[in-house]
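# Close look at the chain arrangement
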Amino acid sequence: MTELSEKTCKPCEGGVDPLSREEAEKMRGQLAGNWQLADDGKSISAEFRFKEFYRTMAFINAVAWVANQQDHHPDIAFGYNYANITFSTHAIGGLSENDFICAARIDALMAG
Ligand code: HBI
């Protein structure tokens, strides 16, 4: 099986069903443990913690780079020493493989 982090997001403009909870839970199992599936099954989120503000911002800039490269964009909330990243595929009102690919690419950044 190809690693999620090696896959590339495909353009999504709707017209396909979001992943079922079962499919989403299976894919979540391929991500680092801090990613959580929302109760409504429509998004995944993770909190990342850092020692200082500049490290938090460096991480957010790297996430923005991934989002731009993949043309798939998270919601980000951050403060001095944390960033909360949420992925959902707006075009279909739920989760697609794109969300998991970007999450896996962020995991790879953290591992690198
Ligand atoms: N990002 N999170 C998210 N959800 C989308 O549906 C989305 C996106 N970025 C770009 C985008 N859709 C589309 O404009 C392209 O996939 C074509």
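I will try to describe carefully the structure that is included in this document. Here the structure is a predicted model, which is why all the values come from computation and not from measurement. (Residues numbered from 1 in each chain as written. Predicted model: local features only at pLDDT ≥ 70, side-chain atom pairs only at ≥ 80, totals over all residues. Heavy atoms only, no water.)

## Here's the deal with the overall build of the protein chain
From N to C terminus, the protein chain includes three helices and four strands. Computed over its C-alpha atoms, the radius of gyration of the protein chain comes to 13 Å, within 12% of the 13 Å expected for a compact globule of 112 residues. Principal-axis analysis of the C-alpha atoms gives the protein chain an extent of 40 × 30 × 25 Å. Within the span of the protein chain, comprising 112 residues, buried residues form 38% of the whole. Residue pairs at least 24 apart in sequence account for 63% of intrachain contacts in the protein chain once pairs closer than 6 positions are excluded. Averaging the coordinates of the 10 positive side-chain charges in the protein chain and doing the same for the 16 negative ones gives two points 5 Å apart. (Helix = DSSP H or I, 4+ residues; strand = E, 2+ residues; numbered from the N terminus. Rg over C-alpha atoms; globule rule 2.2 N^0.38 Å. Buried < 20%, exposed > 50% of the residue type's maximum accessible area, 1.4 Å probe, protein only. Contact = heavy atoms within 4.5 Å. Lys, Arg positive; Asp, Glu negative; His and termini not counted. Charge placed at Lys NZ, Arg CZ, Asp CG, Glu CD.)

## Structural notes on the site of the ligand
The immediate surroundings of the ligand are formed by Pro-11, Cys-12, Glu-13, Asp-71, His-72, His-73, Ser-88, Thr-89, His-90 and Ala-91. His-90 is positioned with one of its backbone polar atoms (N or O) 3.1 Å from a nitrogen atom of the ligand. One nitrogen or oxygen atom from the main chain of Ala-91 is found 2.9 Å from an oxygen atom belonging to the ligand. Here the ligand, which alone exposes 390 Å², has 80% of that area covered by the protein. Class assignment for the residues of the shell around the ligand results in three nonpolar, five polar and two charged. (Near = heavy atom within 4 Å. Polar contact = N/O pair within 3.5 Å; in protein donor to acceptor, adjacent residues only side chain to side chain. Areas by Shrake-Rupley, 256 points an atom, 1.4 Å probe, with all protein chains shown as cover. Nonpolar A, V, L, I, M, F, W, Y, C, P; charged D, E, K, R; others polar.)

## A closer look at helix α2 (residues 53–70)
With 18 residues, α2 extends 26 Å between its outermost C-alpha atoms, agreeing within 8% with the 26 Å of an ideal straight helix rising 1.5 Å per residue. Along α2, the residues classified as buried are Thr-56, Phe-59, Ile-60, Val-63, Val-66, Ala-67 and Gln-70. Within α2, the buried residues cover an arc of 115 degrees as seen down the axis, which keeps them to one side. In α2, the exposed positions angled more than 90 degrees off the buried face are occupied by Tyr-54, Asn-61, Trp-65 and Asn-68. Asp-71 occupies a position one or two residues after α2 and carries a positive phi of about 50 degrees. (Expected span 1.5 Å × (residues − 1). Arc of directions from axis to C-beta.)

## Regarding the packing of aromatic side chains
A ring pair, where both rings are aromatic, is described by two values, the distance of the centres and the angle of the planes. Under the definition given, this model contains four aromatic pairs. Taken together, a centroid distance of 6.2 Å and an interplanar angle of 40 degrees make the contact between Trp-35 and Phe-87 tilted. Of this pair, Trp-35 sits in the loop between α1 (21–28) and β1 (36–37) while Phe-87 sits in strand β4 (residues 82–87), and the two are 52 residues apart along the sequence. The two residues Trp-35 and Phe-87 agree in class, both being buried. Plain terms: the ring middles of Phe-48 and Phe-59 are 4.8 Å apart, the flat faces sit at 40 degrees to each other, and that makes the pair tilted. Taken together, the residues span a long stretch of sequence, with Phe-48 in strand β2 (residues 44–49) and Phe-59 in helix α2 at a distance of 11 residues. Each member of the pair, Phe-48 together with Phe-59, is buried. (Phe/Tyr/Trp six-rings, centres within 6.5 Å; stacked < 30°, edge-to-face > 60°.)

## Section: the pairing of strand β3 (residues 75–79)
Judged from the five bridges that link them, β3 and β4 form a sheet pairing that is antiparallel. Of the residues in β4, the one forming a bridge with Ile-76 is Ile-85. Connecting the antiparallel pair β3 and β4 is a turn made up of two residues. (Pairing = 2+ DSSP bridges.)

Take it as geometry only, folks, not as evidence of what the structure does.
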